[in-house]
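Here is what each chain is made of, one letter per residue.
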Amino acid sequence: METTSSDPTLRSVATNGAADGAERTSGARVPSALEMAVTQLRRAASLLGLDAGLVKYLETPKRVLTVSIPVRMDDGRLEVFTGYRVQHSLARGPAKGGIRYHPAVTLDEVTALAMWMTWKCAVLNLPFGGGKGGVVCDPRALSPRELEQLTRRFTAEISVIIGPDRDIPAPDVYTNPQVMAWIMDTYSMQQGHPVPAVVTGKPVEVGGSLGREQATGRGCAICAEEAARRLGLDLRGARVVVQGFGNVGRYAALHLERMGARVVAVSDSRVGLLDERGLSVSELIAYKKAQGSLRGFDAASTLAPEAVLQVPCDVLVPAALEGAITADNAERIRARIVVEGANGPVTPEADEILARRGVTVIPDILANAGGVTVSYFEWVQGLQEFFWPEEQVDRELSRRMRQSFDDVWATARRLETDLRTGAMALAVSRVAEAVRLRGIYP
Ligand SMILES: NC(=O)C1=CN([C@@H]2O[C@H](COP(=O)(O)OP(=O)(O)OC[C@H]3O[C@@H](n4cnc5c(N)ncnc54)[C@H](O)[C@@H]3O)[C@@H](O)[C@H]2O)C=CC1
Ligand SMILES: O=C(O)CCC(=O)C(=O)O
């Protein structure tokens, strides 16, 4: 989570319709996250020939909790925030998925994100279902005390459905390890003993896993490497563009740079930076940490944040929010490979346009699964109270990401479809099999 105040993204997502479906200025309607998730599910289900009743079951979240969160603000006012925790599926294990703090959070968006978690955990063959949480708030307008109060009260309200064997939250947009530590502490106070496995993405000092911070971005880079090898693209010297320079984007950029690629453009919510000679990712990370924004960084040129998506490159990593690549701009994407660092950055219509233009899209439920994979390692370490060295985390992450990439690639080839539908088909068939074996669906 970044630390600056008044982030234009907090407004832009509300107006670009990413959360709710809305008209863009050009007139094309951007589907909501839930509409996207359902379209993707139906495409895979029709390829698999799934029973219509089962599809309906899979479209429907298992459990939805809406809570009100009263917080005494620093100026003495009582403010009441709204929060959600959605458990989409528990068929393969406890729910797993992050918590988002953002003013544009809606129940539909959280439901879509929970559904994507179900498929993501299934693609990686993790023993989890899917869940997600969100609080409608602007975290940058809150003081640290208000943020802590909000987090503790939200945790207390959702504690009726979370727990190490029920539902395990983690970070997402604008939440971070400190927020996870407060969640762990609040839940532990209720239980009367420390319960580190109730949440992942914690600071290492209170039971977090080494390697979790970088895991999502590292996983994106591994996917890019696997795709590039199969497409005959050498990553050494390859041009990389990253949209969003938060937890996911910055480490995707860093690991791609370590693989020899040249990061020519990056953006955050305030600015896009372009340098044909290649930007130094470690300098960008240090600058962003110190300034809270990339604005003012000494690059060859600056662009509007959304313009970086159209910079010609070999690998494009959209790592911000849903609905970044739509029918409006998909024709102008000039990348060979799109690695979905964010959840839902490419709409179904844009998927079709990119496929027709020969752009390979590595879907979110595979590309950004490195985070939940190391969250799984963190949960296991917490339950066993036995912690792994970082090399073990990284080695096991790499092994699982590459295996899953192979599985998705093979499924897509067998079904003669794109990687997203291949990944969805793999995930949905695993979840459907768990549902069948458990007899959840008579
Ligand atoms: N943190 C994690 O482990 C995981 C996150 N994700 C997904 O990755 C995406 C990013 O999440 P995090 O990196 O955790 O969030 P974060 O809160 O750390 O960073 C978000 C970044 O996106 C930037 N941003 C927002 N709107 C933008 C725009 N329109 N143009 C350019 N930059 C913009 C922000 O300035 C910030 O740099 C989300 O879709 C999230 O659901 C997916 C898997 C795991
Ligand atoms: O680490 C986790 O458990 C989940 C992270 C997340 O929210 C996601 O993958 O979208």
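Right above here is the structure, for reference.
So, here is what we can say about the structure in this document. Here the structure is a predicted model, which means the values were calculated and not measured.

## So, the nonpolar core
W116, W119, L256, V266, L273, V339 and I362 are the most contacted members of the largest nonpolar core, which totals 90 residues. For this core, the element with the highest residue contribution is helix α14 (residues 419-438), accounting for ten residues. Residues from two domains meet in this core; each of domain 1 (61-195) and domain 2 (215-367) gives at least three. Among all residues touching V266, those that are not within four sequence positions of it are V242, F245, V271, G272, L273, L279, L284, L294 and V308. Residues L147, V179, M180 and I183 belong to the second largest nonpolar core, which totals 29 residues.

## Some points on the pattern of salt bridges
Per the counting criterion, the structure on display carries 33 salt bridges. In this structure, a network of salt bridges that share partners links the residues E225, E226, R229, R230, R402 and D406.

## Thoughts on the sheet that holds strand β11 (residues 301-303)
Read from one edge to the other, the open sheet built from seven strands follows the order β11-β10-β9-β8-β12-β13-β14, with strand pairing classed as mixed. Single-partner strands in this sheet number two, and they are β11 and β14 (360-362). Neighbour-to-neighbour, the strand axes of the sheet open up by a mean angle of 20 degrees, direction not taken into account.

## Considerations on the environment of R100
Note that R100 resides in strand β5 (residues 95-102). The class for R100 is buried, based on a relative accessible area of 3%. For the pair R100 and K62, spaced 38 residues apart in sequence, the C-alpha separation works out to 20 Å. Those residues in contact with R100 that sit more than four places away from it in its chain are V105, E109, L113, G133, G134, V135, D172, V173, T175, L321 and E322. Looking at R100, its side chain comes within polar contact range of the side chain of E109, at 2.8 Å. Here D172 takes part through its side chain, which lies 2.6 Å from a polar atom of the side chain of R100.

## Quick look at the sheet that holds β5
Across the sheet, five strands lie side by side as β3-β4-β6-β5-β7; this open sheet has mixed pairing. A single partner strand is all that each edge strand has here, and the edge strands are β3 (63-72) and β7 (167-171). The mean angle between the axes of side-by-side strands here comes to 25 degrees, regardless of whether they run parallel or antiparallel. Sheet analysis places strand β4 (residues 78-89) next to strand β6 (residues 130-136), joined by seven bridges and oriented antiparallel.

## Topic: the site of ligand 2
Around ligand 2 sit 15 residues, and of these K96, G98, K120, K132 and S375 come closest. Within the contact set of ligand 2, an oxygen atom lies 3.0 Å away from a side-chain nitrogen or oxygen of N343. Contact with the protein chains removes 95% of the 290 Å² of surface that ligand 2 exposes when unbound. Residue assignment for the shell around ligand 2 shows that the elements contributing at least two residues are β5, α4 (107-123), β7 and α12 (370-384).

Reading the values: rules and limits
Residues numbered from 1 in each chain as written. Chains lettered and ligands numbered in written order. Predicted model: local features only at pLDDT ≥ 70, side-chain atom pairs only at ≥ 80, totals over all residues. Heavy atoms only, no water. Core = buried A, V, L, I, M, F, W, Y, C linked by side-chain atoms within 4.5 Å. Buried < 20%, exposed > 50% of the residue type's maximum accessible area, 1.4 Å probe, protein only. Helix = DSSP H or I, 4+ residues; strand = E, 2+ residues; numbered from the N terminus. Domains from an automatic or database assignment. Contact = heavy atoms within 4.5 Å. Salt bridge = Lys/Arg side-chain N within 4 Å of Asp/Glu carboxyl O. Pairing = 2+ DSSP bridges. Axes fitted to C-alpha atoms, helices over the stretch in contact; angles between N-to-C directions. Polar contact = N/O pair within 3.5 Å; in protein donor to acceptor, adjacent residues only side chain to side chain. Near = heavy atom within 4 Å. Areas by Shrake-Rupley, 256 points an atom, 1.4 Å probe, with all protein chains shown as cover.

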